[in-house]
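The primary structure of each chain is shown beneath.
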Amino acid sequence: MAKQSRLAKLQPATKAAVARVYVLYTGGTFGMAPDFSTPGHPLRSMELDKLREELPEAEDIAPGTEVTLERFDRLLDSSSMTPTDWVNIARKIEDNYYNHDGFIVIQGTDTLSYTASALSFMLENLAKPVVITGSQLPLPTARTDAKLNYGHALQIAAYKATDLPCIPEVIVVFADKILRGCRTRKMSASAWTGFDTPNAPPLGEIGEHVRIFENQIRPAPPSGLDLQVNSELDPDVLDISLYPGLRPEHLKAILSLDSVKGVVLRTYGTGNAPEDIDFLDALKTGIEKGNKTVVNITQCPQGMVEMGLYAASIGLLDNGVISGLDMTPEAALTKLMVTMGNRIGEQVKLQMQINQRGEQSQNLFDFNFKTTQANDKPFSDFIVPDRRFDPTALSAAVLRIKKLTATVADGTENPVLDVYMNFPTAKADTLEREDHPRRLHRIELQSGATFDVVQQLSKERVKNVIGDSDVVLTFVASPGVKFGFEKLSLSIFTRT
Ligand code: ASP
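One numbering rule holds for all chains: residues counted from 1, following each sequence as written. A pLDDT threshold of at least 70 governs which residues receive local features in this predicted model, and a stricter bar of 80 or more applies before side-chain atom pairs are shown or counted, although totals over entire chains, interfaces and linings include all residues. Excluded from the side-chain calculations are hydrogens and water; all other atoms, namely the structure's heavy atoms, are used.

**Q** Help me out: how do you make sense of the overall build of the chain in this one?
**A** Along the backbone of the chain there are 13 helices and 28 strands. Projected onto its principal axes, the C-alpha coordinates of the chain cover approximately 95 × 50 × 35 Å. The buried share of the chain, reckoned over its 496 residues, is 53%. Residue contacts are counted whenever heavy atoms from the two residues lie within 4.5 Å of one another. Intrachain contacts of the chain at a sequence separation of at least 6 include 76% that bridge at least 24 residues. Strands are runs of DSSP state E lasting at least 2 residues, helices are runs of H or I lasting at least 4, and numbering of each runs from the N terminus. Note on classification: 1.4 Å probe, protein chains only; a residue is buried when its accessible area is under 20% of the maximum for its type, exposed when over 50%, partly exposed between these limits.

What follows is the structure, encoded as structure tokens:
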């Protein structure tokens, strides 16, 4: 029988709950107990009644809280979890959403960060806390961390009873940390502080008091938007980590499989990979012919992919690899599954580079313009940005021109090619004005030479001329110059 709380006894039985919390027990170390009927006393999952008995009373932790406790039909070691289990968790939350204020998912720690990331992307318009927790030692053991982890998870999920701020996100509460779920990684197989967000600040900390950093919390969706579950996950994705000596033919074989539709590629440093032609060719064939989506993330626990910064990442960029910015492997993989499962075609690339749930600190918009060859007049093209593009949040802009060639008439002195933004009427006489405010960049030309341009643009300059509708680029060359290029793109990073 469940033990009676001392405080509970003082409450009138009919008092309405201040907070209602739904707790889903899926398995893992947290809910295990030694089986004394078997020699060696192996750990086995407890049944729900036994778990209920062992859990601290809600009334002692968050007075006025009513807990609904349910379990998975089949309790799982989290290393056996699959995307179908994430869908089952999301459905349980959906079914109980409107009659509860907060949610706790108890699961094994091994794949906890995958669940946290997947749920973040699956739960659209989430306005209530979904707290995921587990433990390093089982609940019924003397030195267990399960009681504290559960207690803190409950304090946060029952925010209406504890007066803590509401965190309308999927979060991980473990030991002394409150973390954004889609930024977490399992950092230790045995330390109390098993989880962290090495590439993002915590959402709060737990000691004698629970402190929530309100400025780190994402705003709740506008009221009136119902919770939606993105439940179609495409499992045809792979996570491949580079290492010196990886054989291109192995990569090629994997990327030639029809059943592989997306790949998370864990590269070095700021997103670098071998410049080896066979390696790049394997990617190119997979992306262009096989229509695969390849997302570049870094193997480093901290920092961000900045493709184009070194020659070693230009090959990836040129062959259609997209940037995963500073996403964790767990976030990149599950975001790809959810995005590919729920959206179509070109949208996948756009969606992957835009922040959805705080999983990355920057958005990246790649604007690809028309190309031109042997052009002797000013050349202009425009892009209509996605509605989520916010030019006021601009943090960097990189111009990339592939295979720029120019032929220069004899006698032309100091030939140049100028690039302007939002100035379609730019003409040769504008070239005279060295300091023209709409000029983003000046390229010095040499007749007959073919070269690539990768240029970080002045943030201030771009900010001053970029509007909130079309983005127009105009190229003006010195009289007597014919120019052309194979590819023209502008990558704009905005803060999230
Ligand atoms: N193997 C266990 C699991 O992930 C480990 C744990 O719960 O900590 O289910």
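That was the structure; now back to the text.
**Q** How should the site of the ligand be read in this particular structure?
**A** Nearness here has a simple test: a residue counts as near a molecule or strand if at least one of its heavy atoms is within 4 Å of that partner. Around the ligand, the structure places Gly 28, Thr 29, Asp 77, Ser 78, Gly 108, Thr 109, Asp 110 and Ser 135. Under this definition, polar contacts are N or O atom pairs within 3.5 Å; protein pairs additionally need one hydrogen-donor-capable and one acceptor-capable atom, and for neighbouring residues in sequence, both atoms have to be side-chain atoms. At 2.9 Å, a backbone N or O of Thr 29 approaches an oxygen atom of the ligand. Here Ser 135 contributes a backbone N or O atom positioned 3.5 Å from an oxygen atom of the ligand. For the ligand, the protein covers 89% of the area, taking 270 Å² as the surface of the free molecule. We get accessible surface area from the Shrake-Rupley algorithm with a probe of 1.4 Å; when it comes to residues, only the shown protein chains can shield them.

**Q** Honestly, the sheet that holds strand E12 (residues 204-206) in this entry has me stumped. Any pointers?
**A** Within a sheet, adjacent strands bond to each other through the backbone by hydrogen bonds, running parallel or antiparallel. Only when DSSP finds a minimum of two bridges between them are two strands counted as paired. With mixed pairing, eight strands are arranged side by side in an open sheet as E4-E1-E5-E7-E8-E9-E12-E13. With one partner strand each, in any of the chains shown, strand E4 (65-71) and strand E13 (210-212) form the two edges of the open sheet. Strand after strand, the sheet turns through a mean of 20 degrees between neighbouring axes, direction not considered. On top of the sheet, helix H6 (residues 146-157) reaches strand E1 (19-25), E4, strand E5 (102-106), strand E7 (130-133), strand E8 (170-174), strand E9 (177-180), E12 and E13; it is set at about 160 degrees to E5, its chief contact. Think of each axis as a best-fit line through the C-alpha atoms, taken over the contacting stretch in the case of a helix, with angles from 0 to 180 degrees between the N-to-C directions.

**Q** Quick question: what am I supposed to make of the nonpolar core here?
**A** Burial of nonpolar side chains together is a common tendency in soluble globular proteins. By size, the foremost hydrophobic cluster in this structure holds 84 residues, and its most contacted members are Leu 51, Ile 104, Leu 123, Ile 156 and Ile 178. Of all the elements, helix H11 (residues 329-342) adds the most residues to this core, at seven residues. Leaving out residues up to four positions away in the same chain, Leu 51 has contacts with Tyr 25, Phe 30, Gly 31, Met 46, Leu 69 and Leu 139. One finds Ile 401, Leu 417, Met 421 and Ala 477 within the second-largest nonpolar core, a separate group that totals 35 residues. What makes a nonpolar core is a set of buried Ala, Val, Leu, Ile, Met, Phe, Trp, Tyr and Cys residues whose side-chain atoms join them at distances within 4.5 Å.

**Q** Just checking my understanding: could you explain the pattern of salt bridges for this structure?
**A** Two side chains of opposite charge can pair, provided their charged atoms sit close to one another. Definition used for salt bridges: Asp or Glu carboxyl oxygen within 4 Å of a side-chain nitrogen of Lys or Arg. Considering all chains together, one arrives at 29 salt bridges under this definition. Close ionic contact of Lys 160 with Asp 101 constitutes a salt bridge, the shortest N to O distance being 3.0 Å. With Lys 160 in helix H7 (residues 159-162) and Asp 101 in the loop between helix H4 (83-95) and E5, this pair connects stretches of sequence that are 59 residues apart. Since its relative accessible area comes to 41%, Lys 160 is described here as partly exposed.

**Q** Before we go on, may I ask you to explain the sheet that holds strand E16 (residues 262-267) in this structure?
**A** Strand order across the open sheet formed by four strands is E15-E16-E17-E18, with parallel pairing between neighbours. The open sheet has two edge strands with one neighbour each: strand E15 (237-241) and strand E18 (322-323). Summarising the sheet, strand E17 (residues 293-298) and E18 pair through two bridges and their orientation is parallel. Within the sheet, the bridge partner assigned to Asn 296 lies in E18 and is Ser 323.

**Q** For this particular structure, what's the right way to read unusual backbone geometry?
**A** The general pattern is negative phi for most residues beyond glycine and trans for most peptide bonds. Although it is not a glycine, Asn 125 adopts a positive phi angle of roughly 65 degrees. Mapped onto the secondary structure, Asn 125 falls in the loop between strand E6 (123-124) and E7. Here Ala 374, not a glycine, exhibits a phi torsion of approximately 40 degrees, which is positive.

**Q** When you look at the packing of H4 against helix H5 (residues 112-122) in this model, what are you seeing that I'm missing?
**A** Helix-helix packing: each pair is described by the crossing angle between the helix axes and the interaxial distance. H5 packs onto H4 with a crossing angle of 55 degrees between their chain directions and a minimal axis gap of 10 Å. In terms of orientation, H4 and H5 fall into the oblique class. For the pair H4 and H5, the crossing hand works out as right-handed. On the side of H4, the interface is formed by Trp 86, Val 87, Ile 89 and Ala 90, while H5 contributes Tyr 114, Thr 115, Ala 118, Leu 119 and Met 122. Here the contact of H4 with H5 is composed, by residue class, of eight nonpolar, one polar and no charged. Reported orientations rely on four angle classes, namely roughly parallel under 35 degrees, roughly antiparallel over 145, roughly perpendicular from 65 to 115, and oblique for the rest. Take the far helix as the reference: if the near one is turned anticlockwise from it by less than a right angle, the crossing is left-handed, and if turned clockwise, right-handed. Amino acids outside the nonpolar list (Ala, Val, Leu, Ile, Met, Phe, Trp, Tyr, Cys, Pro) and the charged list (Asp, Glu, Lys, Arg) are all regarded as polar, and Gly is one of them.

**Q** Would you mind showing me how to read H4 here?
**A** Since the α-helix turns once every 3.6 residues, residues separated by three or four places project in the same direction. Taking 1.5 Å per residue, 13 residues should reach 18 Å; H4 reaches 18 Å between its end C-alpha atoms and fits that length. Three or more residues of H4 are buried, namely Asp 85, Trp 86, Val 87, Ile 89, Ala 90 and Ile 93. To estimate how far a helix should extend, the number of its residues minus one is multiplied by 1.5 Å.

**Q** Can you walk me through the packing of aromatic side chains in this structure?
**A** Each aromatic ring pair is summarised here by two numbers: the centre-to-centre distance and the angle between the ring planes. Any two of the Phe, Tyr and Trp rings considered here, Trp counted by its six-membered ring, make a pair once their centres fall within 6.5 Å; the pair's planes then place it as stacked at under 30 degrees, edge-to-face at over 60, or tilted in between. According to the stated counting rule, one finds twelve aromatic pairs in the structure shown. When the centroid spacing of 5.9 Å and the interplanar angle of 5 degrees are considered together, the rings of Tyr 97 and Phe 103 count as stacked. Using a relative accessible area of 1% as the deciding quantity, one classes Phe 103 as buried. Where Phe 174 meets Phe 195, the ring centres are 5.0 Å apart and the plane angle is 65 degrees; that geometry is what we call edge-to-face. Placement of Phe 174 in strand E8 and of Phe 195 in strand E11 (residues 195-196) is noted, with a sequence separation of 21 residues between them. Residue Phe 195 is classed as buried on the basis of its relative accessible area of 1%. One aromatic cluster is present, formed by Tyr 22, Tyr 97, Tyr 98 and Phe 103 through successive ring pairs.

**Q** Sorry if this is basic, but what is going on with helix H9 (residues 277-289) here?
**A** With 13 residues, H9 ought to run about 18 Å at 1.5 Å a step, and its terminal C-alpha atoms sit 17 Å apart, in line with that. The complete set of buried residues in H9 reads Phe 279, Leu 280, Ala 282, Leu 283, Gly 286 and Ile 287. All buried residues of H9 project into a common sector of 155 degrees when viewed along the axis, lining one side. Facing away from the buried side of H9, by more than 90 degrees, are the exposed residues Ile 277, Glu 288 and Lys 289. Sitting at the amino-terminal end of H9 is Asp 276, which places a side-chain oxygen 3.1 Å from the backbone nitrogen of Asp 278. By arc we mean the arc of the directions from the helix axis to the C-beta atoms, nothing more.

**Q** Explain the state of the cysteines to me, please; I cannot follow it from the model alone.
**A** Here a disulfide denotes one covalent bond, and it connects the sulfur atoms of two cysteines. The definition used for a disulfide is geometric: two cysteine sulfur atoms within 2.5 Å. Taken as a whole, this structure holds zero disulfides when the rule is applied. Unpaired in terms of disulfides, Cys 182 finds its nearest cysteine sulfur in Cys 166, a separation of 16 Å. Cys 300 takes part in no disulfide bond, and the closest cysteine sulfur, belonging to Cys 182, lies 20 Å away. Under the relative-accessibility criterion, Cys 300 is labelled partly exposed at 35%.

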